[in-house]
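# Reading the structure
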Amino acid sequence: MFKFPPHFLWGASISSYQTEGDNLYSDWWEWEKKKDLISSGRATEHYRLYKKDFYLAKELNLSALRLSIEWSRIQPKKNFFSKEEIKHYLEVIKTLRSLGIIPVVTLHHFTNPIWFAKEGGWLNPKTADYFLLYAQKIVEEFSRFIEYWITINEPLVYLTYGYLLGVWPPGEKSFFKAKKVLNNLIKAHLKIYDFVHRFYKKNHLPEPKISIAQNMLKFFICKDNFKNRLAYYLRDKFFNFYLLDKLTSLGVLDFIGINYYTRQLIDIEGFSLKDLFFSTCNKGHDSLIKSSLGWEIYPEGLYDLLLKLKRYNLSIIILENGIATSNDNLRWEYIKEHLKSIYLAMEKGAKVEGYFYWSLIDNFEWDKGFEPRFGLIEVNYSDFSRKIRDSALNFSQICKTGVLNEEQ
Ligand code: BGC
């Protein structure tokens, strides 16, 4: 029997752009058109149906929900903050509170307003100040209801896809630009961290808890040789620990927020940056079961990473962990095995305080469209009806009791 502590946060995550629909002022909206991708269109209509989704979350006994605010809705134009949209999100947050669900709010989840992108986006030296202005507005309006803030979702994933591989907006492939963006993302986090803490103090609000959502991969060497060991060292250091080391050394993380999905196998040909940082091995290692996106299921990786995170001596929240699959039994296996890994890591001293499944509902998986099904709740895209999956019912029992039984 695995018994989790009483105040453990049992949650699920969503993001605005992936669920709301009709985010017309976002750079992703333009990107879909420009690249002729599947359009996010009405997405899951969560903007209209959020109450329904939150009632379902309540039915599933979730004690917390992670969501994001769409910057391009709040600030569709440069010097304009939309009162209507602020009111909308206030209602969203209040609905969660009225259901006794703790909101965890992400300020940036991969998308930007078009006006911001046109001014150079995260490359613009003024970027951190622009982002701060938006964040300040949100914090001023929402602080009474929010304790947990995530400044930026997966900064390094955003940077990799948008500025190194060029597959997400703005489609850049430049190491030098990526480096600038990285500095600006860090700067933005620092400014917001400082502002939020000062604001809460000044207004006698309970201490806020601020972090980023750091994506983590368990890296693996397929063939033991110098090249592969070097690639392992660089990837683990950069993709997993660079930001956490940097931000904790500056004292600007109140907890460690991580997203974990899978492992990555390394077997590289040469010493180019592409080889060292991105090439993967796909031969002779297909013994693990994969998600519908081809991601291997490897719960032991989460255990290993959680033990490594002990070095920061901060509490840890798993802000995303999930599987895209049409096989709901596999989803339940995935959840169960990852929860076991978490529990075992906690027994070894990892201070994990919460687990958020990605995602509460099926949604728009960026350039992959609507095919990948991550949801605890199924969305029927022809009429936007929702249906709770069996895996969710199993998960809801754990959320209710805090107990995972061996035989479950
Ligand atoms: C992102 C989500 C995404 C999920 C599954 C995470 O990297 O935060 O937006 O849907 O992974 O790919």
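Look a little higher up for the structure.
Anyway, here's the lowdown on the structure attached to this text. (Residues numbered from 1 in each chain as written. Predicted model: local features only at pLDDT ≥ 70, side-chain atom pairs only at ≥ 80, totals over all residues. Heavy atoms only, no water.)

As a further point, take the site of the ligand. As a structural note, the neighbourhood of the ligand is formed by Gln18, His109, Phe110, Asn153, Glu154, Tyr261, Trp295, Glu320, Trp358, Glu365, Trp366 and Phe374. Note that an oxygen atom of the ligand is positioned 2.8 Å from one of the side-chain N or O atoms of Gln18. One nitrogen or oxygen atom from the side chain of Glu154 is found 2.5 Å from an oxygen atom belonging to the ligand. For the ligand, whose unbound accessible area comes to 310 Å², protein coverage reaches 93%. A per-class count over the shell around the ligand returns 6 nonpolar, 3 polar and 3 charged. (Near = heavy atom within 4 Å. Polar contact = N/O pair within 3.5 Å; in protein donor to acceptor, adjacent residues only side chain to side chain. Areas by Shrake-Rupley, 256 points an atom, 1.4 Å probe, with all protein chains shown as cover. Nonpolar A, V, L, I, M, F, W, Y, C, P; charged D, E, K, R; others polar.)

Let's shift gears to the nonpolar core. Note that soluble globular proteins tend to have their nonpolar side chains buried in a common cluster. In terms of nonpolar packing, the biggest core is built from 119 residues, with Trp149, Leu306 and Phe395 touching the most fellow members. Counting residues per element, this core draws most heavily on helix H9 (residues 175–202), which supplies 12 residues. Ignoring anything within four residues of it in the chain, the contact list for Phe395 reads Trp10, Gly11, Leu62, Trp332, Ile335, Leu339, Tyr355, Tyr357 and Leu376. Counting 10 residues, the second-largest nonpolar core is a separate cluster that includes Val104, Tyr148, Ala213 and Phe255. (Core = buried A, V, L, I, M, F, W, Y, C linked by side-chain atoms within 4.5 Å. Buried < 20%, exposed > 50% of the residue type's maximum accessible area, 1.4 Å probe, protein only. Helix = DSSP H or I, 4+ residues; strand = E, 2+ residues; numbered from the N terminus. Contact = heavy atoms within 4.5 Å.)

Turning our eyes to something else, we now look at the sheet that holds strand S2 (residues 9–13). In space, the 8 strands of this closed barrel follow the order S2-S3-S4-S5-S6-S7-S8-S9, with parallel pairing throughout. Recorded for the sheet is a direction-independent mean angle of 30 degrees between the axes of neighbouring strands. Where S2 and strand S3 (residues 64–68) come together, 3 bridges link them in parallel fashion. Bridging across to S3, Ser13 finds its partner in Arg66. Helix-sheet contacts for helix H8 (residues 155–164) involve strand S4 (102–108), strand S5 (148–153) and strand S6 (209–221), and the interaxial angle to S6 is about 65 degrees. (Pairing = 2+ DSSP bridges. Axes fitted to C-alpha atoms, helices over the stretch in contact; angles between N-to-C directions.)

This part takes up the packing of H8 against H9. The packing of two helices is summarised by the inter-axis angle and the distance between the axes. Direction vectors running N to C along H8 and H9 enclose 150 degrees, while the axes themselves pass 10 Å from each other. Considering the angle they form, H8 stands roughly antiparallel to H9. For the crossing formed where H8 meets H9, the hand is right-handed. For the pair H8 and H9, contact is made by Pro155, Leu156, Tyr158, Leu159, Tyr163 and Leu164 and by Phe175, Ala178, Val181, Leu182 and Leu185, respectively. (Parallel < 35°, antiparallel > 145°, perpendicular 65-115°, else oblique. Left-handed = near helix turned anticlockwise from the far one by under 90°.)

Let's shift gears to helix H3 (residues 46–59). For H3, spanning 14 residues, the distance from its first C-alpha to its last is only 17 Å, which falls clearly below the expected 20 Å at 1.5 Å a residue. Maximal helix bending in H3 amounts to about 35 degrees, located at Lys52. Residues His46, Leu49, Tyr50, Asp53, Phe54, Leu56 and Ala57 constitute the buried set of H3. Backbone geometry just after H3 places Asn61 at a positive phi near 65 degrees. (Expected span 1.5 Å × (residues − 1). Bend = angle between axes of the 7 residues up to and from the residue.)

Right, let's get into a nonpolar patch on the surface. On the surface, Tyr161, Leu165 and Val167 cluster together into a nonpolar patch covering about 220 Å² of accessible area. Relative to the helices and strands, Val167 resides in the loop between H8 and H9. (Patch = residues over 30% accessible without salt bridge, like charges linked within 9 Å, V, L, I, M, F, W, Y side chains within 5 Å. Salt bridge = Lys/Arg side-chain N within 4 Å of Asp/Glu carboxyl O.)

With that out of the way, let us pick up the pattern of salt bridges. For side chains bearing opposite charge, pairing can occur when the charged atoms are close. Under the criterion given, the structure shown has 26 salt bridges. One salt bridge in this structure joins Glu20 and Arg73, with 2.8 Å as the shortest N-O distance. Of the two residues, Glu20 sits in the loop between helix H1 (16–19) and helix H2 (27–34) while Arg73 sits in helix H4 (residues 71–74), which places them 53 residues apart along the sequence. Residue classification places Glu20 among the buried positions, given a relative accessible area of 5%. Assessed through its relative accessible area of 10%, Arg73 is described here as buried. For the salt bridge of Lys33 with Glu32, the shortest nitrogen-to-oxygen distance reads 3.7 Å. When its relative accessible area of 44% is taken as the criterion, Lys33 is described as partly exposed.

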